[in-house]
Amino acid sequence: MPHSKWLTAVGAAAALTVILAPTAQAASASGAAAPTSASTVTTLYYDATRAGGWEDAITAGVASWNANTKNVRLVAARPGTRAEIQIVATSGWPQASLGPVRPGGQGRVELGSQAVAEGHDKTRIAAHEIGHNLGLPDTKPGPCSQLMSGSSAGTTCKNAAPNATERSRVDTAYASRAATADDRLLVDAS
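Residue numbers here run from 1 along each chain, matching the order of that chain's written sequence. The model is predicted, so local features are restricted to residues of pLDDT at least 70 and side-chain atom pairs to those at 80 or more, both for listing and for counting; the totals for chains, interfaces and linings are taken over all residues. Side-chain metrics rest on all non-hydrogen atoms present in the structure, leaving aside hydrogens and water.

Once that is clear, we can look at the state of the cysteines. Any cysteine sulfur atom paired with another within 2.5 Å is treated as part of a disulfide. Summed over the entire model, instances satisfying the criterion amount to one disulfide. Residue pairing for Cys144: its cysteine sulfur links by disulfide to Cys157, the two sulfurs lying 2.0 Å apart. The sign of the 80° torsion about the S-S bond sets the Cys144-Cys157 disulfide as right-handed. Placement of Cys144 in the loop between α4 (122-133) and α5 (164-175) and of Cys157 in the loop between α4 and α5 is noted, with a sequence separation of 13 residues between them. Only runs of H or I of at least four residues qualify as helices and only runs of E of at least two qualify as strands under DSSP, and these elements are numbered from the N terminus.

The predictor attaches a confidence to each residue, and that confidence, scored 0 to 100, is pLDDT. Residues of the chain with pLDDT of at least 70 account for 72%, and the chain-wide mean is 81. In the predicted structure, residues 1-38 sits below a pLDDT of 50 and forms 42 contacts with residues beyond four places in sequence or in another chain. In this model, residues 178-186 is a region of pLDDT below 50 whose contacts with residues beyond four sequence positions or in other chains number 22 contacts. In what follows, a contact means two residues having at least one pair of non-hydrogen atoms within 4.5 Å.

What follows deals with the nonpolar core. Take the buried Ala, Val, Leu, Ile, Met, Phe, Trp, Tyr and Cys residues and link them wherever side-chain atoms come within 4.5 Å; each set so joined is a nonpolar core. Burial classification: accessible surface area is computed with a 1.4 Å probe over protein chains only, and a residue below 20% of its type maximum counts as buried, one above 50% as exposed, and the rest as partly exposed. Trp65, Leu74 and Leu134 are the most contacted members of the largest nonpolar core, which totals 30 residues. Mapped onto this core, the elements with two or more residues apiece are β1 (42-50), α2 (55-68), β2 (72-76), β3 (85-90), β5 (107-112), α4 and α5. Setting aside anything within four residues of it in sequence, one finds Trp65 in contact with Arg73, Leu74, Ala127, Ile130, Gly131, Leu134, Leu136, Leu147, Pro162 and Val170.

With that settled, consider α4. For α4, built from twelve residues, the straight-helix expectation of 16 Å at 1.5 Å per residue is met to within 8% by its first-to-last C-alpha distance of 17 Å. Along α4, eleven of the twelve residues are buried, which leaves the element largely enclosed by surrounding structure. When we look at burial in α4, the residues that qualify are Thr123, Arg124, Ile125, Ala126, Ala127, His128, Glu129, Ile130, Gly131, His132 and Asn133. In this structure Asp121 caps α4, since a side-chain oxygen of it lies 3.3 Å from the backbone nitrogen of Thr123. Remark: Gly135 follows α4 within two positions and exhibits a positive phi of approximately 110°. An expected span of 1.5 Å times one less than the residue number is assigned to each helix. Any pair of N or O atoms that falls within 3.5 Å is considered a polar contact. Within protein, one atom must be able to donate a hydrogen and the other to accept it, and sequence-neighbouring residues count only if both atoms are side-chain atoms.

As structure tokens, then:
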């Protein structure tokens, strides 16, 4: 990534942390939560090259997860390298495979424009669908404060940050590399 784009991404992550995650644990200068130890952090690479029009929402959604979790890091894959999470734009309803996705594994996120046409927030959609890949099922119906309540929170909901319970579940799932993925496809239709 060119230096100027990296600085922009870091700045966006820091700004997102201030706006969306004021309670994030031990945030560093880059806006990411400080890992408990280097040995417990799982890095997952994502490929969003087929998600045209969703770039800003994906960047913000990834920054939200990175700012709010300590045992997993989401990193954009370099061109031509393998990525565990494939993010694509579709014309249907958003959906994703249920993880937790592991290094060397495979997860898929489909960012459907049908939800955007109905008025749902793109960044919330991206963060929600990534949450499925990280092992979180839907919690519908639910309030806006629950990221995984998805569309049931209504079109006015813009929250793209996981709450304390959601953060804890993801950190627990990635605290041990032995956990397995559920491997179901979750369609997030209302």
